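# Examining the three-dimensional arrangement
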Amino acid sequence: MCCYGCQAVAKSIVDNGLADYYRSRDALPESPREAMPAILDQLALFDHADFQRSFVKSLNENEREASLLLEGITCSACIWLNERQIAKLEGVTAVDINYATRRARVRWDESRIKLSDILGAIAAIGYRAYPYDAAKNEEISRKERRDALWRLWVAGFGMMQVMMYAYPVYIANGEMTADVESLMRWASLVLTLPVIFYSSAPFFRNAWRDVKLRRVGMDVPVALGVGAAFVASCWATVNQSGEVYFDSVTMFVFFLLGGRFLEMTARQKALSVTEALAKLLPAFAERLSQYPVGQETEQCVVADLRCGDFVLVRAGDIVPADGVVVDGFSCASEALLTGESKPVPKAPGDQVTGGSVNAESPLVVRVEQVGEGTRLSAIIQLMERAASEKPRIVELADRIAGIFVAVLLLVALCVAVGWYSFDPDKALWITVSVLVVTCPCALSLATPIALTVSAGALAKDGLLVTRGHAIETLARATHFVFDKTGTLTTGCMRLNGQWSAPGLDSARALALAAALERSSEHPVAKAILQSAGMSLPEAERVVSEPGQGVEAFVSGERYRIGRPSYALALSGNSLPAEASEWLDSGETVVVLADSSRCLAMFRIGDELRSESRSLVRELRAAGRRVVLLTGDAPSVAEHVANELGIDDVRAGVTPQGKYDCVTGLQAGGAVVAMVGDGVNDAPVLAQAQVSIAMGGGAQLARTQSDFVLLSENLDHLRLGLRRARRTLVIIRQNLWWSFAYNFIALPLAMAGLVTPWLAGIGMSASSLLVVLNSLRIQRLEKD
């Protein structure tokens, strides 16, 4: 036999004297084993490189990563099963599945296992996996809703009809004749059949799969309860003795399906922000193939756009890719990308982001980034990473739920034995009530649904969650460490003053400084470059010292630019007398020096973000400690700290010093949230328990961070902190409710005070309450 299922069927046929079936049959029934080759043939298509291009990333020579969408997930136990099934495959290096989104991130070694083998392993346990795309996800969601509605409708219709036949028996109070009562029972049985074999089919299918795999899932107690009550009722109907529970069975199935349908609807609503981002880019674009010579447009698929192409974006259209405006004046709405509700003015030379909406008049845009290189693609990838990672609190809840189900089955067995010896007539329905009322669905939903709702709401506000643990850790943070430039300040540096050594032309000094800073991404370097002319000397052997400055050779001469101590170490000289007034001004002073003297000083100014004061004030009011950690001179840092009311200031700190500072705070028991921007902040962002990077910061800083503030508006971070704390409160409420409900409901059910239909209402209501409570995270008062 190919499997235990076929063996059981064959044994039953032979044992009942029906072996002639094998002589008279004219076709073989399809078995799962026979169907698998056809499935595997289809899955083999997923191994083609061209097909994988849209959903598989190449991490190195052999390692690949795919984003998949799973069909058939009904509870957290399904997640556990799929993760174990995939993880045990040789060659799979990582797998994470998100319950709320049904999305899986799988990483494997291409030299040891193929993607089709992974998909085949998923199919072997009764699930289907597809490459993730927004359209497919929406199609599966529609199919889930349609199937759920049909099953709910059949259960509701069956429940009403069964109650119509059960009610007369109840009110007759024993005065109904036996033949009429038998007719009522048989009618109820017939009307219950569609509810059992259609509406309840997912419960039995999932439970059977769990039993075959020797594990206990959420649907096992449900299937046991429904199945036992139905079989006992059928037995009583056939034998014309005992109680029937067809009304309780249909009512329980209806309420349970109703609760799951509402939970599914709420979950899909919570994911609407994420899915909306995935569908932002249009399918087609108007390409100007002859621009600027000709203005004729041709329609093309957005995927066919290449860097350097020119596209026409009409008023009301969506920008198809990242680019630069070359002609036209308009405003772009970036609300869904950054959370900023006000349209952003756009003129020639301004950057535009793919997915934003051109609000006013036509623009001609030169395409700069396409496909995976666009800002929208980066946002979606970071959201996928966050959704696929499972926080510790979720894993703990899942483990507790798994143990709880196993304990529940043992308790139900003891209840059945106890009641059967005390009052056999009540043993069945009390056992069914125990199995149903305490199923820990609410416990499994308590944390993931709250985190999913919160991540969607934060993204809508412009604060992108990129790690699974981020929301929980942000809510628990005790110390908030801020970088200065580009974080508490705008980062829009400008050159406010220049001093040049006697005998050195100021234009020459500025050109030398710009030549050294040309390859730097630091805002100070950009300020010098913007002030210099287009013709710059060539710098050679450039060496960047993070947090200090840059050293290079120009025309054979050795130069340094950066912090005064770093630049002047080349010559050993001191600063000129004019420097003391500049250093006390609160602005950043950059020094250019060669091996003999200080050549020039540049005073670089920055302005505070208007939201910085309210953010620091709210953090301090909430009892959080605020630290300013910067590589700038002490005078500059003190000036900013005094403006914002920050007491703990650490200035002139190198990148290693920043790292050591955060490590020291953590050693004292602090939960550190680091807010920074720029390449120098990447190591310390990685070290902090939770990190927030400004959306305009360097790419390395963003990939190291747990949050990205896309809008670069600190008010959105302030609201995000409130929402994170609210999320943690609601998660605790959900967990407390789940535990309290089970500990109250179980003794009541064991005592025979909860009927099966009431158990169904209780179980569905507990899960629904957790979902509705989690949706409260979306509502947050803003000031």
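As the structure is a computational prediction, the values presented were derived from the model and not from experiment.

### Some points on the overall build of the protein chain
Along the protein chain, the regular secondary structure elements total 31 helices and 27 strands. Among the 783 residues that make up the protein chain, the fraction classed as buried is 54%. In the protein chain, of all internal contacts separated by at least 6 residues, the share reaching a separation of at least 24 is 68%. Carbon and sulfur atoms make up 57% of the accessible area of the protein chain, which totals about 35,700 Å².

### Some remarks on the nonpolar core
Side chains that are nonpolar tend, in soluble globular proteins, to be buried together. Formed by 50 residues in total, the largest nonpolar core has its most connected members in Leu 474, Ile 692, Phe 707 and Leu 717. The element contributing the most residues to this core is helix α30 (residues 714-750), with 8 residues. Excluding residues within four positions of it along the chain, Leu 717 makes contact with Leu 463, Leu 615, Val 675, Ile 692 and Leu 709. In terms of nonpolar packing, the next biggest core, distinct from the first, is built from 38 residues, Val 222, Phe 246, Ile 430 and Val 434 among them.

### Digging into the packing of aromatic side chains
Evaluated as defined, the whole model comprises 7 aromatic pairs. When the centroid spacing of 4.9 Å and the interplanar angle of 40° are considered together, the rings of Tyr 291 and Phe 310 count as tilted. Here the residue Tyr 291 occupies a position in the loop between β6 (284-287) and β7 (298-301), and Phe 310 occupies one in strand β8 (residues 310-313), the gap between them amounting to 19 residues. The exposure class of Phe 310 is buried, given its relative accessible area of 19%. Within the aromatic cluster, the residues linked to one another by ring pairs are Trp 150, Trp 153 and Phe 157. Geometry around Phe 553 places Arg 541 over its ring, the cationic atom sitting 3.9 Å from the centre. We note Arg 560 situated over the ring of Tyr 566; from NZ or CZ to the ring centre the distance is 4.4 Å.

### Observations concerning the pattern of salt bridges
Applying the stated criterion across every chain, the model contains 21 salt bridges. Each of the salt bridges in this network shares a partner with another, and the network as a whole consists of Glu 618, Asp 715, Arg 718 and Arg 722.

### Remarks on helix α6 (residues 115-124)
Within α6, 8 of the 10 residues are buried, which leaves the element mostly enclosed by the surrounding structure. Once α6 finishes, Gly 126 follows within two positions and takes phi at roughly 95°, a positive value.

### Some words on the sheet that holds strand β13 (residues 357-358)
Taken in spatial order, the 3 strands line up as β11-β10-β13 in an open sheet, and their pairing is antiparallel. Strand pairing shows two members of the sheet lacking a second neighbour, β11 (344-346) and β13, which therefore form its edges. Two strands pair when backbone bridges link them, and strand β10 (residues 330-333) and β13 are joined in this way by 2 bridges, in the antiparallel orientation. From the neighbouring strand, Ser 333 faces β13, where its bridge partner is Val 357.

### Digging into a nonpolar patch on the surface
Taken together, the side chains of Trp 150, Trp 153, Phe 157, Met 160 and Tyr 198 define a hydrophobic patch exposed on the protein surface, amounting to about 580 Å² of accessible area. Considering every element that reaches the nonpolar patch, the biggest residue donor is helix α7 (residues 134-172), with 4 residues. For Trp 153, the location among the structural elements is in helix α7. On the basis of relative accessible area, Trp 153 is assigned to the exposed category, the value being 52%.

### A few points about the sheet that holds strand β26 (residues 690-694)
Ordered in space as β15-β27-β26-β25-β16-β23-β24, the 7 strands form an open sheet in which the pairing is mixed. The open sheet is flanked by β15 (463-465) and β24 (648-650), the only strands paired with a single partner. This sheet shows a mean twist of 20° between the axes of neighbouring strands, independent of strand direction. Of the strand pairs in this sheet, β15 and strand β27 (residues 707-709) are connected by 3 bridges, and their pairing is antiparallel. Pairing of Leu 464 across the sheet is with Val 708, part of β27.

### Thoughts on the pairing of strand β20 (residues 557-562)
A regular strand carries its side chains on alternate faces of the sheet. As judged from the 6 bridges shared by strand β19 (residues 549-554) and β20, these two strands associate in the antiparallel manner. Within β20, the position partnered with Phe 553 by the bridge is Arg 558. Where β19 hands over to β20, the hairpin turn is made up of 2 residues, of which Ser 555 adopts a positive phi near 55°. The sheet contact formed by β20 and strand β21 (residues 588-594) spans 4 bridges and is antiparallel. Along β21, the bridge assignment pairs Tyr 559 with Asp 594.

### Digging into helix α8 (residues 178-199)
Here α8 contains 22 residues, and its C-alpha end-to-end distance of 31 Å stays within 8% of the 32 Å for a straight helix at 1.5 Å per residue. At Thr 192, α8 shows its maximal kink, close to 30°; a proline, Pro 194, follows between one and four residues later. If you check which residues of α8 are buried, you get Ser 182, Met 184, Arg 185, Ala 187, Ser 188, Leu 189, Thr 192, Val 195, Ile 196 and Ser 199.

### Let's talk about the packing of α8 against helix α10 (residues 219-239)
Orientation of α8 relative to α10, taken along the N-to-C sense of each, is 155°, at an axis distance of 10 Å. Put simply, α8 runs roughly antiparallel to α10. Helix-helix and strand crossings are classified by hand; for α8 and α10 the assignment is left-handed. On α10, the residues that touch Arg 185, Trp 186, Leu 189, Thr 192, Leu 193 and Ile 196 of α8 are Val 226, Phe 230, Cys 234, Ala 236, Thr 237 and Val 238. Here the residues of the contact of α8 with α10 are counted per class, giving 9 nonpolar, 2 polar and 1 charged.

### A look at the environment of Ser 774
Mapped onto the fold, Ser 774 is located in helix α31 (residues 756-775). Since its relative accessible area comes to 0%, Ser 774 is described here as buried. Along the backbone, Ser 774 and Ala 450 are 324 residues apart, and their C-alpha atoms lie at a distance of 4.8 Å. Not counting chain neighbours up to four residues away, the residues in contact with Ser 774 comprise Ala 446, Ile 449, Ala 450, Val 453, Ile 730 and Asn 734.

### Re unusual backbone geometry
Phi is positive for Arg 541, close to 50°, though the residue is something other than glycine. Assignment of secondary structure puts Arg 541 in strand β18 (residues 539-545).

### Some words on the environment of Ile 604
Along the polypeptide, Ile 604 turns up in strand β22 (residues 598-605). When the C-alpha positions of Ile 604 and Thr 588 are compared, they lie 5.1 Å apart, and in sequence the two are 16 residues distant. Discounting residues that sit within four places of it in the chain, Ile 604 has contacts with Met 493, Arg 494, Leu 495, Asn 496, Val 524, Ala 527, Ile 528, Glu 587, Thr 588 and Val 590.

### Focus on the pairing of β8
Here β8 shows two buried faces, one formed by Phe 310 and Leu 312 and the other by Val 311 and Val 313. Sheet topology note: the β6/β8 ladder contains 2 bridges and is antiparallel. Bridge assignment links Arg 287 to a residue of β8, and that residue is Val 311. Across 4 bridges, β8 lies against strand β14 (residues 363-369) in antiparallel orientation. Each bridged residue has a counterpart across the sheet, and for Val 313 the counterpart in β14 is Leu 363.

### A closer look at the packing of helix α18 (residues 448-460) against α30
The interhelical angle for the contact between α18 and α30, taken along N-to-C directions, is 165°, at an axis separation of 10 Å. With respect to their mutual orientation, α18 and α30 come out roughly antiparallel. Classified by chirality, the crossing of α30 by α18 is right-handed. Taken together, the residues of α30 that come into contact with α18 (itself represented by Ala 450, Leu 451, Ser 454, Ala 457 and Leu 458) are Gly 720, Arg 723, Thr 727, Ile 731 and Asn 734. Here the contact of α18 with α30 is composed, by residue class, of 5 nonpolar, 4 polar and 1 charged.

Parameters at a glance
- Residues numbered from 1 in each chain as written.
- Predicted model: local features only at pLDDT ≥ 70, side-chain atom pairs only at ≥ 80, totals over all residues.
- Heavy atoms only, no water.
- Helix = DSSP H or I, 4+ residues; strand = E, 2+ residues; numbered from the N terminus.
- Buried < 20%, exposed > 50% of the residue type's maximum accessible area, 1.4 Å probe, protein only.
- Contact = heavy atoms within 4.5 Å.
- Areas by Shrake-Rupley, 256 points an atom, 1.4 Å probe, with all protein chains shown as cover.
- Core = buried A, V, L, I, M, F, W, Y, C linked by side-chain atoms within 4.5 Å.
- Phe/Tyr/Trp six-rings, centres within 6.5 Å; stacked < 30°, edge-to-face > 60°.
- Lys NZ or Arg CZ within 6 Å of the ring centre and 35° of its normal.
- Salt bridge = Lys/Arg side-chain N within 4 Å of Asp/Glu carboxyl O.
- Pairing = 2+ DSSP bridges.
- Patch = residues over 30% accessible without salt bridge, like charges linked within 9 Å, V, L, I, M, F, W, Y side chains within 5 Å.
- Axes fitted to C-alpha atoms, helices over the stretch in contact; angles between N-to-C directions.
- Expected span 1.5 Å × (residues − 1).
- Bend = angle between axes of the 7 residues up to and from the residue.
- Parallel < 35°, antiparallel > 145°, perpendicular 65-115°, else oblique.
- Left-handed = near helix turned anticlockwise from the far one by under 90°.
- Nonpolar A, V, L, I, M, F, W, Y, C, P; charged D, E, K, R; others polar.

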